[in-house]
Amino acid sequence: MLYSIIVSAGLETIAREELSQRFGDTGHLKILERKPQRLLFQYKGNPRELLALRTAEHLFCVLKRVPKMTRSRSSLAALSGSLSRFNFKEVFECCKQVGIGVRKRVPFRVTSRLSGKRNFRRADLQRVTEQALVKRGWYLSPGGSALDVWAEVHGDDGYISIKLSKNDMAQRPYKQAHIPASLKPTLAYSMVRLSRPHPKDVFLDAMCGAGTILLERALINRYHYLIGGDVSTDALDATRTNFGRQHQPRQFFHWDARNLPIQPNTVDKIVSNLPFGETVGNVPQLTNLYRRCLKEYARVLKPRGRMVLLTSQHTFLDDELRQLRFLKVGKQLTVDVRGKQAWIYVIHFA
Ligand SMILES: C[S@@+](CC[C@H](N)C(=O)[O-])C[C@H]1O[C@@H](n2cnc3c(N)ncnc32)[C@H](O)[C@@H]1O
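Residues numbered from 1 in each chain as written. Predicted model: local features only at pLDDT ≥ 70, side-chain atom pairs only at ≥ 80, totals over all residues. Heavy atoms only, no water.

A. Representation of the layout of surface pockets. Roughly 480 Å³ of internal volume is contained in the second largest pocket. Lining the second largest pocket are 20 residues, with Ile-100, Lys-163, Leu-164, Ser-165 and Lys-166 sitting closest to its centre. Sorting the residues of the lining of the second largest pocket by element identifies strand 7 (147-154) and strand 8 (157-163) as the ones contributing at least two each. Split into classes, the residues belonging to the lining of the second largest pocket amount to eight nonpolar, six polar and six charged. (1 Å grid on protein atoms, 1.4 Å probe; cavity = no way out; pocket = protein on both sides within 12 Å on 5 of 7 lines; lining within 4 Å. Points joined across faces, edges and corners; volume = space filled by probe spheres on them. Helix = DSSP H or I, 4+ residues; strand = E, 2+ residues; numbered from the N terminus. Nonpolar A, V, L, I, M, F, W, Y, C, P; charged D, E, K, R; others polar.)

Following this line, the structure appears as structure tokens:
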């Protein structure tokens, strides 16, 4: 069966690594393509297992993929026409495996997505898909039990898929308390992966907010110790609520990350998203914060340790890194944070 997952922009490579790592050994997985914000793959196992992917926002089973879509209306007809003789048996089986019941007369609704210049509109894409499925005996229904069909045209590719995941696939049950600038768990998980988690890690997020990064680390595999801190007591309360009694040993501190009460060379991994934006402070304040935090992180990090830092104000970080020549950027990724560009830096000692 052909599947696709949708991921946040910039996380495609990490999602691919996650897929391979989790399912590569089973012999059931064949990754076909990596597209912007999408991975296409064949999987012979139970699709329920795919719902556990931590980088994915949505999971689909792909009914039809039509390559060579052009801007003309004829390619639209080719996409919807591909459904006229499609055998839905395997797809319905797949739906059942993830708990989506399929009735004899199938209720459905269509969501359409379109990018690039086309001689047809999104509404046309939706209409022709609906018509093609009604011809197959399905009926349009807005109800909750309706199959969620997605018709999409991006670049040269057209897809007709059924959404297997619920809207909360990318949410995490631990996230009970929130703070305004809290990270998406999928992004926090990806940052943690970039730190190369190891069971002996002493792991630090010195600006932990609601604790998303620390919790994603706790859930990935064993660790030696988790340390979190924040200058805001509200944020720390949110972290404590989200942790509950689980995930020991760990310790949370009310502190200023510019002055950490931690011995030098004691931390293996630091993963943090640095504050950014005007709400946090003006340019001199932010420059000062970045400079002093970076020096402090370098002080507490072990010689073979790693920092993974996220910021949308990369010029500040670049300026500071130019001064601190003993630090080296091993990898830099551009990602999307709430519709804005941001950068993940993977930093180690030169
Ligand atoms: C972008 S938020 C972190 C969000 C967090 N990763 C999450 O997912 O909830 C940045 C955090 O840095 C904290 N912060 C700002 N300046 C700080 C400082 N000097 N020392 C420690 N924490 C600080 C803020 O209180 C805020 O909680």
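B. Seen up close, the site of the ligand. Close to the ligand lie 20 residues, the nearest being Ser-182, Ala-210, Thr-212, Asp-230 and Asn-273. Note that an oxygen atom of the ligand is positioned 2.6 Å from one of the side-chain N or O atoms of Asp-230. A distance of 3.2 Å separates a nitrogen atom of the ligand from a polar atom in the backbone of Val-231. Bound to the protein, the ligand loses 90% of the 600 Å² it would expose on its own. Here the shell around the ligand is composed, by residue class, of 13 nonpolar, five polar and two charged. (Near = heavy atom within 4 Å. Polar contact = N/O pair within 3.5 Å; in protein donor to acceptor, adjacent residues only side chain to side chain. Areas by Shrake-Rupley, 256 points an atom, 1.4 Å probe, with all protein chains shown as cover.)

C. Region of interest: the pattern of salt bridges. Within this structure, the stated rule accounts for 21 salt bridges. In this structure, Glu-216 and Arg-172 form a salt bridge, with 2.9 Å as the shortest nitrogen-oxygen distance. With Glu-216 in helix 6 (residues 212-220) and Arg-172 in the loop between strand 8 and helix 5 (185-194), this pair connects stretches of sequence that are 44 residues apart. Here the salt bridges do not stand alone but share partners, grouping Glu-33, Lys-35, Arg-65 and Asp-157 into one network. (Salt bridge = Lys/Arg side-chain N within 4 Å of Asp/Glu carboxyl O.)

D. Representation of the pairing of strand 11 (residues 250-254). In this structure, strand 10 (residues 225-230) lies alongside strand 11, joined through five bridges in parallel fashion. Among the inter-strand pairings, Ile-227 is bridged to a residue of strand 11, identified as Gln-251. Traced from strand 10 through helix 7 (residues 233-243) to strand 11, the parallel crossover comes out right-handed. (Pairing = 2+ DSSP bridges. Right-handed = clockwise from strand over helix to strand, strands pointing away.)

E. Structural detail: the packing of aromatic side chains. Enumeration according to the criterion identifies 13 aromatic pairs in this entry. When the ring of Tyr-3 is compared with that of Phe-41, the centres are 6.0 Å apart and the planes differ by 25°; the resulting orientation is stacked. Of the two residues, Tyr-3 sits in strand 1 (residues 2-6) while Phe-41 sits in strand 3 (residues 38-43), which places them 38 residues apart along the sequence. With respect to class, Tyr-3 is no different from Phe-41; both count as buried. The interplanar angle of 50° and the centroid separation of 4.8 Å between the aromatic rings of Phe-88 and Trp-138 together place this pair among those described as tilted. Pair noted here: Phe-88 is in the loop between helix 2 (73-81) and helix 3 (89-97) and Trp-138 is in the loop between helix 4 (122-135) and strand 6 (139-140), with a separation of 50 residues, a long-range link. (Phe/Tyr/Trp six-rings, centres within 6.5 Å; stacked < 30°, edge-to-face > 60°. Buried < 20%, exposed > 50% of the residue type's maximum accessible area, 1.4 Å probe, protein only.)

F. Structural view of unusual backbone geometry. Residue Pro-249 is reached from Gln-248 by a cis peptide bond, and omega for that bond is -10°. With phi around 60°, Lys-68 is a residue other than glycine that occupies positive phi space. Tracing the chain through its elements places Lys-68 in the loop between strand 4 (58-66) and helix 2. Although it is not a glycine, Asn-265 adopts a positive phi angle of roughly 55°.

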